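Structural overview
Spelled out, the chains give:
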Amino acid sequence: MDLIPSFTIDHTKLLPGVYVSRVDDVDGNKITTYDIRLKRPNIEPCAGVGAMHTLEHLIATFLRNDDEWKDSIIYWGPMGCLTGFYLIIKGQQPCEVIAKLMIKAFEFAANFNDKIPGTEPENCGNYLLHNLPMAQYEAKKYVEVLKTSPCYVYPAQ
């Protein structure tokens with residue numbers, strides 16, 4: 001069985017930042033997937049499950065309520081390896097534009113001090129698995145990454 005393209009990327013060379021993962025054409029419309037990489041895979045520890053779950057809720061809520069972006073957002077969700085997230089949008093934007101959006105989103109998460117949206121049993125499949133302090137910690141670290149070296153191209157294979 002052939003590896004899917006994302007599994008052919010040398011993860012030992014990835015740095016935290018934003019990558020354009022793929023651009024697909026769906027019925028003549030571009031759909032872009034971005035790799036929102038918080039951690040160096042296999043080098044630094046992955047983010048905790050509770051922190052990732054909380055970041056998923058906070059940033060999904062932020063993105064889908066942002067007047068400029070809400071109609072472009074298709075998907076926001078964590079990578080199974082817990083080293084980052086996938087952002088899928090309608091259209092195609094330069095990495096730098098997405099990095100600026102991620103700074104706003106992660107600053108929102110870093111400064112969030114209210115009830116985490118969607119954390120009632122009726123709203124979430126694992127409503128107890130949240131960790132706001134660690135989500136804030138991870139968000140602050142990622143904002144600093146994005147302010148210094150936000151965009152990358154996948155390493156050559």
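Anything mentioned here points back to the structure above.
Residues numbered from 1 in each chain as written. Predicted model: local features only at pLDDT ≥ 70, side-chain atom pairs only at ≥ 80, totals over all residues. Heavy atoms only, no water.

1. A few points about the overall build of the protein
Of the regular secondary structure elements, the protein holds three helices and five strands. Against the 2.2 N^0.38 benchmark of 15 Å for 157 residues, the protein shows a C-alpha radius of gyration of 15 Å, consistent with a compact globule. In terms of overall dimensions, the protein has a C-alpha envelope of 40 × 40 × 35 Å along the principal axes. Considering the protein as a whole, with its 157 residues, one finds that 43% of them fall into the buried category. Once local pairs closer than 6 in sequence are excluded, the contacts in the protein between residues at least 24 apart make up 68%. (Helix = DSSP H or I, 4+ residues; strand = E, 2+ residues; numbered from the N terminus. Rg over C-alpha atoms; globule rule 2.2 N^0.38 Å. Buried < 20%, exposed > 50% of the residue type's maximum accessible area, 1.4 Å probe, protein only. Contact = heavy atoms within 4.5 Å.)

2. Some details on the pattern of salt bridges
Side-chain pairs of opposite charge can arise whenever the charged atoms involved come near each other. In the structure shown here, the tally under the stated rule is eight salt bridges. Where Arg37 meets Asp35, a salt bridge forms, and the shortest distance between an N and an O atom there is 2.8 Å. With a shortest N-O distance of 3.0 Å, Glu138 and Lys39 are connected by a salt bridge. With a gap of 99 residues between them, Glu138 in helix H3 (residues 132–148) and Lys39 in the loop between strand E2 (29–37) and helix H1 (49–65) connect regions that are remote in the sequence. (Salt bridge = Lys/Arg side-chain N within 4 Å of Asp/Glu carboxyl O.)

3. Here we look at the nonpolar core
The biggest cluster of nonpolar side chains holds 38 residues, and the ones touching the most others in it are Ile36, Trp76, Leu87, Met102 and Phe106. Elements with a minimum of two residues in this core: E2, H1, strand E3 (73–78), strand E4 (84–90), helix H2 (95–110) and H3. Per-element tally for this core: the top contributor is H2, with 10 residues. Beyond its immediate chain neighbours, meaning those up to four positions away, Met102 contacts Ile36, Leu63, Trp76, Leu87 and Leu146. (Core = buried A, V, L, I, M, F, W, Y, C linked by side-chain atoms within 4.5 Å.)

Just distances and angles here, no functional claims.
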